[in-house]
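What follows is the residue order along each chain.
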Amino acid sequence: MDTFQTLLLGSVLVPSIASLGILFFLLNDKHMAKKVAYLAFGFPCIAGIILFLNFDPNHTGYAYEILYDRMGLQSLGITFHLGLNGVSAPLFAMAGFVGLAAALVAIQSDTDRLPLYLSMLAFMQSGLMGLFASIDLLFYYLFHEFALIPTFLMIGLWGGRDRRTIALEITIYLTLGALISLGGLVALNVMLDAPKFDFPSLSAAILADGLGIETQKKIFGLLLFGFGILVALFPFHSWAPRGYEAAPTSVSMLHAGVLKKFGLYGLVQLALPLLPAGGLSWGPYILWLALGNILIVGAITVAQNNLKSMIGNGSVMHMGYCFLGLGVCSSLGASATIMLMCAHGLSVSLMFLLANSINQRTNTLEMNEMGGLAAKTPLLACFFAAATFATIGLPGFGNFWGEFAIFLSLGGYGLDGSGEVTEKHLFLVLAALGIIISAIFGLRAMARIFFGEQSEELSAHEKKSKINDLSFAESIPAVLILLPLVFIGLWPKGISEGIDISITKRYELLEKGGSNYGLPSCCPVDQVFKKSVTNQSQSDAKNVEERK
Amino acid sequence: MIQVALSLLFLPFISAAVTLCFLRKHGNIAALLSVATAGGILAFSSLLIFGGEEGSIFTWSTTWFALSDMHLEFGFLVDSPAKTLLFVVSFIGLLIHIFSLGYMADDEAKSRYFGGLSIFMFSMIGITLADNLIMIFVFWELVGFSSYLLIAHYFKTDDAAKASRKAFIVNRVGDFGFLLGIIFTYWIFGTVNLQELEAASLDPTLTSTLLCLLLACGFIGKSAQFPLHVWLPDAMAGPTPVSALIHAATMVAAGVFLLIRIDFLFTAEALKLVGLLGAVMGLYAGFCALSQRDIKKVLAYSTLSQLGYMAAAFGLGLPGIALFHLMTHAFFKALMFLGSGSVIHACHHEQDIFAYGGLRKKMPITAYTFLVGVLAISGVHFLSGYFSKDAILLGAYNLDFVIFLILYVGAILTSVYMFRLYFLTFCGEARSKSSSAAYESTIFMTAPLLVLGFLSVVGGFVALYPIQIVEFLLPDIERVANMPNHLWMNILGLFAWVGGLSIAWKIYGNITSTEDPLSEKSPTLFNLSRSKLFFDEIYSFYIQRIQDPFFRFLEIMELLFISGLMVRGSAGVAALFALLGKSFYSGKIHSYSFWFVIGTIGFLTYSILFGANS
């Protein structure tokens, strides 16, 4: 095992060991628990940066592979297999950044039973790092559950208003989503009969003999709705805003920023490249539902008065762009989705972080009870402005490139291979309306919280406790998130190269369904997938013979 | 060259970053840094403009963002129109930075202000140098951001808070069309690089009016043209030097620059539409300016109107003249805005022109330079405005008479409202305490006024400029010079400004009250002009009565149907089954044995009836 492999394994193991350490030995030692937490979250962050910077973008497969195959599950094709490719490396690094920032917020907070809180958070972090590092599908799924369970517990224990009800609702809702997607994964494995239950083996198996169109459609549907629930695809999104509103800040940051990307990651890495016909036939439905995210949830976001629920709804809205990128079924759309996932993970967690800082100063989250805060807290206003403008897709922040490339892919999708404007461009036009909607809610929030006159409620609260600007320590986590966000914004090539190479290669099968411009718009699925069709009819014939 | 171009672009960026990180609490150092940066920008852009030979074009590019078959570049295209705008931006930028030293001397948040100016210079230079549409779009949004930041400078006032938001969102509406236009351009032409597009546009089957109009949406938003003009007058809530730099001389003119950049894509119909739109704006904004009381709003409407002239020139197929007018307008409008800044500063932030009066004696430099600006914009012979504006009128007279008529009426109005402004502000007697206590501003403020005043006088003689700056203007100027009806146009022009001057003198020459005399002389006209034709009312009606209630309605629907019926409903169904199942567990032995018997009978029936077949 070389250094890099050690770092990779360490970033998964260190947080979980630290978590157990705190749980068993340090529950009453706040001071020491904090120190351990620095290690538990600092290590993955630094490891993530090193592994990302060292990652060779021209490398097509997985780098830093670690394989342990003596777990007694070989017969099922299950091994402990870690590694990073061009898609997972930037997400892995992003998870490290967000994790550290979330931990710093937690450490600075005055949460009661802080060691227990940190322990659970570290456990969550371990799952997050693990899920992007897993090559094996079972572990990919398990790491997701590792991260999900502490989420429920933490909402239930430390959440805000109605925390019990919301924790229960989220638990049931997300477990349902996870189960459906697990069903899809298992079905994929069973149908393909791959030697191993991991990303590369399934890819290899699908190239060797494809699945029939009907099978593809069914499995894709399972994966789409399973993962869709986890990513808050419209209309399965109602858990998200309420959950984030109730959850403690660090949990909102980690869940909205990182954990929610699990489903998208699965769709990009697995469902689309492996089930091209499924993707193509579900594509238009994905697009329509994604428009529901952007337009309907977007409109609802504008109507919000509670800051956290605005951020939560806004994050659901921006997930719509990610689904648009998937729905066009092209390598451009998929890579753009990954770009946006990285950027959105950072920007939304920054928003939650700042919402917490605002809440600490105003003792409320209702925006009409604030106002004029910029005069008292210029630095906080500055960070909030940066986060808002990042969220609404201002160039110079990463989100812009993701959204822009997604719009571009929609433009190509609408062409229908004809080189002219067609009615399919309606998707593009409607989706682009989102840039106006986000600007409206983002700037309204900015103006309501920071500009204008101070509200009476705030003045009354100010008499009780003085409103201070962000301290140096408080601004560290914000800076930590802003730095990569601006880096992607100014130099998108820095992460796009690796994403591009690993996506393009794996999307060849899907792209073959395309006409001009390499985009599979309305390709006649039957013709393109003749090979799959013949395969299926052969296997059907075989089955008939066997029965006889 | 490439080092020069990169330093030119990133110098203000670095300056803004340094200000943000280290100079937040050191306003004076930040101010000096920003002014030094503006000086550096002028030096670097001179190097860039005069560095190459005459007529040379400098290009450079590198991959910025590549995914799949999409390939975006970060590149520079320094050709003749870029050089003209670069000159305008860096030169006027420096003057306004210096003016700001005086104007913002007592401001609390100097570092925010000067940092914002540096971000603006960065973004504006980005637009000027960009070699492709996507890069233009990136910096396009960034100028919008810096404009937001600077309008919101006095964020404590509700006006500034609302105006900044309005400016950004209205611009976003324009950018929505612009973005769609760029995406369609990308897929139809296969490139967004300006030079490649120019080559590709030779194929007439690719260009279409729809595409041009989408791209022109960017211009409509940024240059505040109809129907997105509502943000610019409100944007006057920002500090006055910002209004001069961003909302008069450079950023709003970037819209016109964009049109000039993509001139070759335009079809005849699209040109005609843009021309007509511009002409109507020229007239409409002039009409609104007639009844404004706020000195800055008069100038804002005047800017709208002059931008309309530029668009009209472009629509007539005279992009060189449009750029020419952009340049001269930048001189005299920056001059007048800075002059108004000097007046506002002297009168303790009083902005009502009816509260001024008699300021000529108290602040002569401001007054006389302002007069130069007024004369120039009214098209007085041989001043800068005369050359560029009358070139547009002459071109319109010969090419499209309808546009000419609209623009000509607009020209008379221009002279009326401008002289009205001058008479009310500088002539007569002081009509308020603040104006009677006014005194001339410091050298930081008067020096830029003198320089701009000089340029407003001689700025129309293109022969005075180095060839690199005016290269792009010459062919179109020559074309207009060779058109017929020069003498006739001169007479009409004379009539326009003299007529405007006399009307203004007659109504506003010596008034003592603080009421607008027009409201008594012609109430209908006055009220119509005050109403600005109800655009603001229509938009706010839409937002408050249609959009917001609809969004709230959607929120309730979501709560009812998705969170309620779908999620809670399914939970309810599950709970119902649970309730049903629970009732079987009664804990009574006889009910259990009863169910046991029922189950046994059911099982037997099933196996007898259906089991035999298998």
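Description of the structure in this document.

Analysis parameters
- Residues numbered from 1 in each chain as written.
- Chains lettered and ligands numbered in written order.
- Predicted model: local features only at pLDDT ≥ 70, side-chain atom pairs only at ≥ 80, totals over all residues.
- Helix = DSSP H or I, 4+ residues; strand = E, 2+ residues; numbered from the N terminus.
- Contact = placed C-beta atoms within 7 Å.
- Core = buried A, V, L, I, M, F, W, Y, C linked by C-beta atoms within 7 Å.
- Buried ≥ 20, exposed ≤ 12 C-beta atoms within 10 Å, placed from the backbone.
- Nonpolar A, V, L, I, M, F, W, Y, C, P; charged D, E, K, R; others polar.
- Axes fitted to C-alpha atoms, helices over the stretch in contact; angles between N-to-C directions.
- Left-handed = near helix turned anticlockwise from the far one by under 90°.
- Pairing = 2+ DSSP bridges.
- Expected span 1.5 Å × (residues − 1).
- Bend = angle between axes of the 7 residues up to and from the residue.

### Considering the overall build of chain B
Within chain B, the regular secondary structure consists of 27 helices and 2 strands. If you line up chain B on its principal axes, its C-alpha atoms span 115 × 60 × 55 Å. In chain B, of all internal contacts separated by at least 6 residues, the share reaching a separation of at least 24 is 81%.

### A closer look at the nonpolar core
Formed by 441 residues in total, the largest nonpolar core has its most connected members in A:F92, A:V98, A:L354, B:V256, B:A334 and B:L407. Looking at which element gives the most residues to this core, the answer is helix 14 (residues 331-362) of chain A, with 18 residues. Aside from chain neighbours lying at most four places away, what touches A:V98 is A:M253, A:L254, A:G257, A:V258, A:G345, A:L346, A:S349 and A:I481.

### What to know about the interface of chain B and chain A
With 39 residues of chain B at the contact, the number on the chain A side is 50 residues. Those elements that place two or more of their residues in the side of chain B that touches chain A are strand 1 (58-67), helix 5 (133-151), helix 6 (158-189) and helix 26 (535-584) of chain B. The greatest single-element share of the side of chain B that touches chain A, amounting to 15 residues, is contributed by helix 6 of chain B. Tallied by class, the residues present in the side of chain B that touches chain A amount to 27 nonpolar, 3 polar and 9 charged.

### Quick look at the packing of helix 8 (residues 209-222) of chain B against helix 12 (residues 268-289) of chain B
What describes two packed helices is the angle between their axes and the distance between those same axes. Residue and element names in this part refer to chain B. Between helix 8 and helix 12, the shortest axis-to-axis distance is 8 Å and the interhelical angle comes to 35°. Pair helix 8 / helix 12 crosses with right-handed handedness. Judged by residue contacts, T209, C212, L213 and A216 of helix 8 engage E269, A270 and V274 from helix 12. Residue composition of the contact of helix 8 with helix 12, by class: 5 nonpolar, 1 polar and 1 charged.

### A short note on the pairing of strand 2 (residues 80-84) of chain A
All names here are of chain A. In terms of burial, strand 2 is largely enclosed, as 4 of its 5 residues are buried. Here strand 1 (residues 63-68) pairs with strand 2 via 4 bridges, running antiparallel. Looking at the pairing, I66 lines up with L82 of strand 2.

### A look at unusual backbone geometry
With an omega of 0°, the peptide bond between A:F234 and A:P235 qualifies as cis. Turning to its location among the elements, A:P235 is positioned in the loop between helix 8 (213-231) and helix 9 (239-246). Residue B:P227 is reached from B:F226 by a cis peptide bond, and omega for that bond is 0°. We note that B:F534 has phi near 65°; this positive angle belongs to a residue other than glycine. In this fold, B:F534 is placed in the loop between helix 25 (523-531) and helix 26.

### So, helix 21 (residues 472-490) of chain A
Residue and element names in this part refer to chain A. Its 19 residues place the ends of helix 21 25 Å apart at the C-alpha level, agreeing with the 27 Å of an ideal helix rising 1.5 Å per residue. At A478, helix 21 shows its maximal kink, close to 30°. Turning to helix 21, its buried residues are E474, P477, A478, I481, L482, P484, L485, I488 and G489. Tucked into the core, helix 21 has its buried residues touching helix 3 (88-108), helix 14, helix 16 (378-391), helix 17 (398-415) and helix 22 (493-506).

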